[in-house]
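What follows is each chain in one-letter form.
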Amino acid sequence: MAKPIFQRPKGTADLLADQTALWQHVESTARLLFGDYNFSETRTPIFENFDVFSRSAGDTSDVVTKEMYDFHDKGDRHIALRPEGTAGIVRAYVENKLYGPEFDKPYKTFYIGPMFRYERPQAGRFRQFHQIGAEAFGSMSPALDVEIIAMVVDFFKTLGLKKIKVVINTLGDQSSRDAYRQALIDYLKPHVNELSSDSQTRLEQNPLRVLDSKDPRDQVFVADAPSILDYLSENSTKHWTQVQAILRALNIEFEIDATMVRGLDYYNDTIFEIMTVDDTLKGAATIAGGGRYSGLVSEFGGPETPGIGFGIGMERLLSLLKAQNLTLVPEKQLDFYVVNIGEDTDVVAMQIVQAIRSFGYVAERDYLGRSAKAQFKSADRHHSKFVVTIGDEELANQVASLKNMNTGQQQTVNLSDLYTDLPTLIESKGDK
RNA sequence: GCGGUAGUGGUGAAGUGGUUAACACACUGGUUUGUGGAUCCAGCAUACGAGGGUUCGAUCCCCUUCUACCGCCCCA
């Protein structure tokens, strides 16, 4: 923190070499696994027309009202950095007519990338963060709900995560929600003045959100509030029970939390969160959340099409991995370090490293004209398996020293052999 | 948007209203001038987040600001 002329924007992070390896590991695991479930990747723009998000997330949601990272561009277009992945995917789904008959149904896709929310950074929360998510369009089957949940669980298990739990709930269909909403209002109305001020406004705009309040004053009432599960329509009940049945059939453990709601307004029927019970992430226990939505595709001008999806918070996932010591990405190790002594060997040293690399080995050399000792120290620090040393004398004889750093044994090899037959040279000298 | 804590060199970390701001690690060089992980020696010249103020004098006091961390709200 010397005298930084520039520093990164608030709530953003520089991911450096010591972290990107782990990120790549997580991302490639996701790509591989989601591929097993026959999901393909979609990459949509990082920014969209503001309305793409406001229309989908709901005008009363916090994401829209206060967390949108938006601006007007030079053409005076109202642009927003995407706060979540679903809206862009749905927009692309409609715009590219992926509902057409030539595409499989359900249409299954995943995405990986940065999201933006204008809020105060704190534990597990940033202005630029990253999500891995997936969406599936065109099927109402409860089996698809379960497949989505199973895929997330599978993903976390593949990464080695422990102490996670699946929490599910249903919001019912429109008629269920309307009925429940009214019941909830009827129940809470008499106690309006005893609720927190936040919840008093919630009661007006989005009563379900009261259920999510952590304020003790509200929780008193939430405890005895009517349950959505008692207001489900016949269809929603059927869907809900079937989801549970299939989850059980797959031996996926889950909890039901009838007070769980979602921050975005577009969900209905099955919703779920994957949480950690690890204390280290207390403020950010939810590492993945998702659910069904039915109105989105038509909202964007497409045919009435149900969808379901989830989003995983990369940063939260990674901090959980760290908390559980699952960050063991193999350390980068050099196969060869080329030590060169004297300016005259500069060119040949370059030829040697390149030759070594052409065989597929990881190779490095010195570019600072340091002493042989210093170069060997570097080789050692990088846990290089071999060191090739070349000085004026070797150069004159067209040879080099090849040292096995584990055994300490050193031999003289012809440069021509090194260029053409390196693998054999080191085979004969033991471990590669 | 609100609240709390913090900000010393590449890193960790002492410290004080007043001459050269500890120590450790790392790094660089040296220890028979071309060979590693040990010891010892030396170096590390642009360190007290930034900007104001109080004071004879501030890294240490006050204000502002920026940033980080934590909490609220909400969420990934």
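Residues numbered from 1 in each chain as written. Chains lettered and ligands numbered in written order. Predicted model: local features only at pLDDT ≥ 70, side-chain atom pairs only at ≥ 80, totals over all residues. Heavy atoms only, no water.

A few points about the overall build of chain A
- When you go through chain A residue by residue, the secondary structure sums to 15 helices and 16 strands.
- Rg of the C-alpha trace for chain A: 29 Å, well past the compact-globule value of 22 Å for 432 residues, more than 25% over.
- Taken along its principal axes, the extent of the C-alpha atoms in chain A is 95 × 50 × 45 Å.
- Here chain A holds 432 residues, and 49% of them are scored as buried.
- For chain A, the share of sequence-separated contacts (at least 6 apart) that also reach a separation of at least 24 residues comes to 70%.
- Charge-centre separation for chain A: the mean point of 47 positive side chains lies 4 Å from the mean point of 60 negative side chains. (Helix = DSSP H or I, 4+ residues; strand = E, 2+ residues; numbered from the N terminus. Rg over C-alpha atoms; globule rule 2.2 N^0.38 Å. Buried < 20%, exposed > 50% of the residue type's maximum accessible area, 1.4 Å probe, protein only. Contact = heavy atoms within 4.5 Å. Lys, Arg positive; Asp, Glu negative; His and termini not counted. Charge placed at Lys NZ, Arg CZ, Asp CG, Glu CD.)

Regarding the sheet that holds strand β13 (residues 363–365)
- Read from one edge of the open sheet, 5 strands run β13-β12-β14-β15-β16, paired in mixed fashion. Strands with a single pairing partner mark the edges of an open sheet, and in this sheet they are β13 and β16 (410–414). Each strand of the sheet is rotated relative to its neighbour by a mean of 25°, with strand direction disregarded.
- Of the strands in this sheet, β12 (336–340), β13 and β14 (386–390) are in contact with helix α12 (residues 346–358), which crosses β13 at around 165°. (Pairing = 2+ DSSP bridges. Axes fitted to C-alpha atoms, helices over the stretch in contact; angles between N-to-C directions.)

Let's talk about the pairing of strand β7 (residues 164–170)
- The element β7 is largely enclosed, with a buried count of 5 among its 7 residues.
- Bridge analysis of β7 against strand β9 (residues 267–276) gives 7 bridges, and the strand direction is antiparallel. The residue of β9 that forms the bridge with asparagine 169 is isoleucine 271.

Let's talk about the side chain of asparagine 169
- Tracing the chain through its elements places asparagine 169 in strand β7.
- By relative accessible area, which is 1% here, asparagine 169 ends up buried.
- Reaching out from asparagine 169, the side chain makes a polar contact with the backbone oxygen of aspartate 257 at a distance of 3.3 Å.
- At a separation of 3.3 Å, a polar atom in the side chain of asparagine 169 contacts the main-chain carbonyl oxygen of alanine 258.
- Setting aside anything within four residues of it in sequence, one finds asparagine 169 in contact with Ile228, Leu229, Trp240, Asp257, Ala258, Thr259, Met260, Asp269, Thr270 and Ile271. (Polar contact = N/O pair within 3.5 Å; in protein donor to acceptor, adjacent residues only side chain to side chain.)

Some details on the packing of aromatic side chains
- For the structure shown, the criterion picks out 15 aromatic pairs.
- Between tyrosine 93 and phenylalanine 137, the ring centres sit 4.3 Å apart and the planes meet at 25°, which makes this aromatic pair stacked. Taken as a pair, tyrosine 93 in helix α4 (residues 86–95) and phenylalanine 137 in strand β6 (residues 128–137) lie far apart in primary sequence, 44 residues in all.
- Taken together, the ring pairs in this structure connect Tyr93, Tyr99, Phe103, Tyr107, Phe137, Tyr266, Tyr267 and Tyr293 into an aromatic cluster. (Phe/Tyr/Trp six-rings, centres within 6.5 Å; stacked < 30°, edge-to-face > 60°.)

Considering a negative patch on the surface
- On the surface, a cluster of negative charge is contributed by Glu343, Asp344, Asp392 and Glu393.
- By the secondary structure assignment, glutamate 343 is in the loop between β12 and α12. (Patch = residues over 30% accessible without salt bridge, like charges linked within 9 Å, V, L, I, M, F, W, Y side chains within 5 Å. Areas by Shrake-Rupley, 256 points an atom, 1.4 Å probe, with all protein chains shown as cover. Salt bridge = Lys/Arg side-chain N within 4 Å of Asp/Glu carboxyl O.)

Structural notes on the protein's contact with RNA strand B
- The environment of RNA strand B is made up of 47 residues, and the closest members are Arg117, Arg125, Arg202, Gly263 and Phe376.
- Backbone atoms, meaning sugar plus phosphate, form 49% of the atoms of RNA strand B positioned within 4 Å of the protein.
- Note that a base nitrogen of RNA strand B is positioned 2.2 Å from one of the side-chain N or O atoms of arginine 125.
- A distance of 2.5 Å separates a base oxygen of RNA strand B from a polar side-chain atom of lysine 373.
- Secondary-structure elements contributing two or more residues to the surface near RNA strand B are β6, α7 (197–205), β10 (286–293), α13 (372–381) and α14 (392–397).
- In terms of residue count, the dominant contributor to the surface near RNA strand B is α13 (6 residues). (Near = heavy atom within 4 Å.)

Some remarks on the domain arrangement of chain A
- If you check the domain split of chain A, you get domain 1 (17–173 + 233–323) and domain 2 (336–428).
- Computed from C-alpha atoms alone, the centre-to-centre distance between domain 1 and domain 2 is 50 Å. (Domains from an automatic or database assignment.)

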